[in-house]
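# Structural features, examined
Take a look at the letters that make up each chain.
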Amino acid sequence: MSRHTEIRRVTAPDITARKGGEPIVCLTAYTAPVAQILDPHCDLLLVGDSVGMVVHGLPNTVGVTLEMMIMHGQAVMRGSQHAMVVVDMPFGSYEGDPRDAFANATRVLKETGAQAVKVEAGPQIAATIAYMVDRGIPVMGHVGLRPQAVNVDGKFRAKGRTQDERQKVLAEARAADEAGAFAIVIEGVDESLAPEITAAVRAPTIGIGASAECDGQILVTDDMLGLFDWTPKFVRRYGDIKGAIDKAVSEYAADVRGRRFPAAAETYALKVNVPPQARVARGDKRG
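It should be emphasised that the depicted structure is a prediction, and the values quoted were computed from it without experimental measurement.

## Points about the sheet that holds strand S7 (residues 205-208)
- Pairing is parallel around the closed barrel formed by eight strands, whose spatial order is S1-S2-S3-S4-S5-S6-S7-S8. Strand-to-strand, the axes of this sheet are offset by a mean angle of 25°, without reference to chain direction.
- Pairing of strand S6 (residues 183-187) with S7, which is carried by four bridges, proceeds in the parallel orientation. Paired with Val 185 across the two strands is Ile 206, which belongs to S7.
- The strands touched by helix H8 (residues 163-179) are strand S5 (139-144) and S6; relative to S5, the strand with the most contacts, the crossing angle is about 175°.

## Focus: the packing of helix H6 (residues 126-134) against H8
- In the contact formed by H6 and H8, the axes pass within 8 Å of each other and the chain directions differ by 20°. With respect to H8, the element H6 is oriented roughly parallel. Crossing geometry of H6 relative to H8 is assigned as right-handed. From H6, Ala 126, Ile 129, Ala 130 and Val 133 reach across to H8, where they touch Ala 175, Ala 176 and Ala 179.
- Of the residues assigned to the contact of H6 with H8, the class counts are seven nonpolar, no polar and no charged.

## Describing the pairing of S6
- Taking burial as the measure, the five residues of S6 include five buried ones, the bulk of the element.
- Burial along S6 is two-sided: the residues Ala 183, Val 185 and Glu 187 and Ile 184 and Ile 186 are all buried.
- Here S5 pairs with S6 via five bridges, running parallel. Across the sheet, Val 143 pairs through a bridge with Ile 186, a residue of S6.
- For the crossover that starts at S6, traverses helix H9 (residues 193-200) and ends in the parallel S7, the hand is right-handed.

## Details of the side chain of Ser 93
- The residue Ser 93 is located in the loop between strand S3 (84-88) and helix H5 (98-112) in this model.
- By relative accessible area, Ser 93 is classed as buried at 8%.
- There is a polar contact of 2.7 Å between the side chain of Ser 93 and the backbone oxygen of Pro 90.
- Setting aside its immediate chain neighbours within four residues, Ser 93 contacts Leu 66, Asp 100, Ala 101 and Asn 104.

## What about the side chain of Lys 118?
- Its location among the elements puts Lys 118 in strand S4 (residues 116-118).
- Overall, the relative accessible area of 3% leaves Lys 118 in the buried class.
- Within the structure, the side chain of Lys 118 is placed 2.7 Å from the side chain of His 142, a separation counted as a polar contact.
- Apart from residues lying up to four places away in sequence, Lys 118 is in contact with Leu 46, Val 86, Val 87, Asp 88, Met 89, Met 140, Gly 141, His 142 and Val 185.

## Some details on the state of the cysteines
- Under the definition given, this model contains zero disulfides.
- Residue Cys 214 stays outside any disulfide, its sulfur separated by 11 Å from that of Cys 26, the closest cysteine.

## With respect to the nonpolar core
- Core analysis: the largest hydrophobic core is formed by 74 residues, its most contacted members being Leu 44, Met 84, Ile 129 and Phe 182.
- The biggest single contributor to this core is helix H4 (residues 66-79), with six residues.

## Some details on the environment of Lys 168
- Inspection of the secondary structure puts Lys 168 in helix H8.
- Judged by relative accessible area, Lys 168 falls into the partly exposed class, the value being 48%.
- Taking the C-alpha atoms as reference, Lys 168 lies 9.1 Å from Gly 144; in sequence the two are 24 residues apart.

What counts, and where the lines are drawn
- Residues numbered from 1 in each chain as written.
- Predicted model: local features only at pLDDT ≥ 70, side-chain atom pairs only at ≥ 80, totals over all residues.
- Heavy atoms only, no water.
- Pairing = 2+ DSSP bridges.
- Helix = DSSP H or I, 4+ residues; strand = E, 2+ residues; numbered from the N terminus.
- Axes fitted to C-alpha atoms, helices over the stretch in contact; angles between N-to-C directions.
- Contact = heavy atoms within 4.5 Å.
- Parallel < 35°, antiparallel > 145°, perpendicular 65-115°, else oblique.
- Left-handed = near helix turned anticlockwise from the far one by under 90°.
- Nonpolar A, V, L, I, M, F, W, Y, C, P; charged D, E, K, R; others polar.
- Buried < 20%, exposed > 50% of the residue type's maximum accessible area, 1.4 Å probe, protein only.
- Right-handed = clockwise from strand over helix to strand, strands pointing away.
- Polar contact = N/O pair within 3.5 Å; in protein donor to acceptor, adjacent residues only side chain to side chain.
- Disulfide = S-S within 2.5 Å.
- Core = buried A, V, L, I, M, F, W, Y, C linked by side-chain atoms within 4.5 Å.

Now the structure itself:
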């Protein structure tokens with residue numbers, strides 16, 4: 001028997017079972033080193049299509065490709081061992097024929113090893129969620145502000161501020177729930193709408209710009225760590241990574257310009273008492 005105890009990953013049923021219980025902790029992750037840091041603290045890591053804006057400098061998430069999501073999903077899986085890993089399906093990869101959505105989602109799970117995919121649950125997506133769930137793919141829904149619909153909305157805008165809009169978002173959440181979504185992200189909605197959705201669906205809800213009454217919360221990690229000057233209203237900054245990086249790089253640049261780096265501690269020296277013939281044998285070219 002191995003001396004090492006295998007760490008069991010959180011699964012979709014584990015997340016679903018948290019409905020109404022201890023809040024579910026979620027963050028985004030796009031790289032192996034960051035995933036390794038987040039993993040002990042999180043129940044779920046989302047490889048979000050926000051990677052397009054956060055890592056690749058795109059203006060929105062529309063330009064993100066399936067290949068990008070797979071690459072970052074692979075990295076996050078390498079860096080984590082406990083949290084459930086969910087990969088966003090990018091714009092254009094699931095909105096058409098459910099069979100195409102299933103094929104793309106299957107590729108994501110096979111090539112990354114992740115446990116589930118997430119889709120933005122617009123009016124026509126419930127049937128696709130059901131199609132994928134029926135064929136063995138756990139699916140997380142996403143209602144409210146849907147970033148992939150930015151070209152329709154014209155900008156990122158909070159939802160549920162009118163009665164008609166509230167009913168539409170609620171209906172989309174119910175449809176995703178009935179289709180078998182194991183959890184539903186609620187993004188950027190009127191604060192009173194999120195508890196209504198949470199009470200109306202069997203799946204746990206994960207809030208982002210929604211309400212503390214959701215079954216869990218998620219933020220874009222780079223936002224909450226303070227990597228950018230501007231962040232959405234719903235973000236609470238828990239760090240100042242940009243400031244820390246700026247300070248470190250400033251000190252490095254000053255040391256290079258002042259010839260203080262590298263110093264003796266960062267350079268290699270010839271070991272004393274090594275016969276010349278030994279140096280030749282090991283390929284040491286220095287005299």
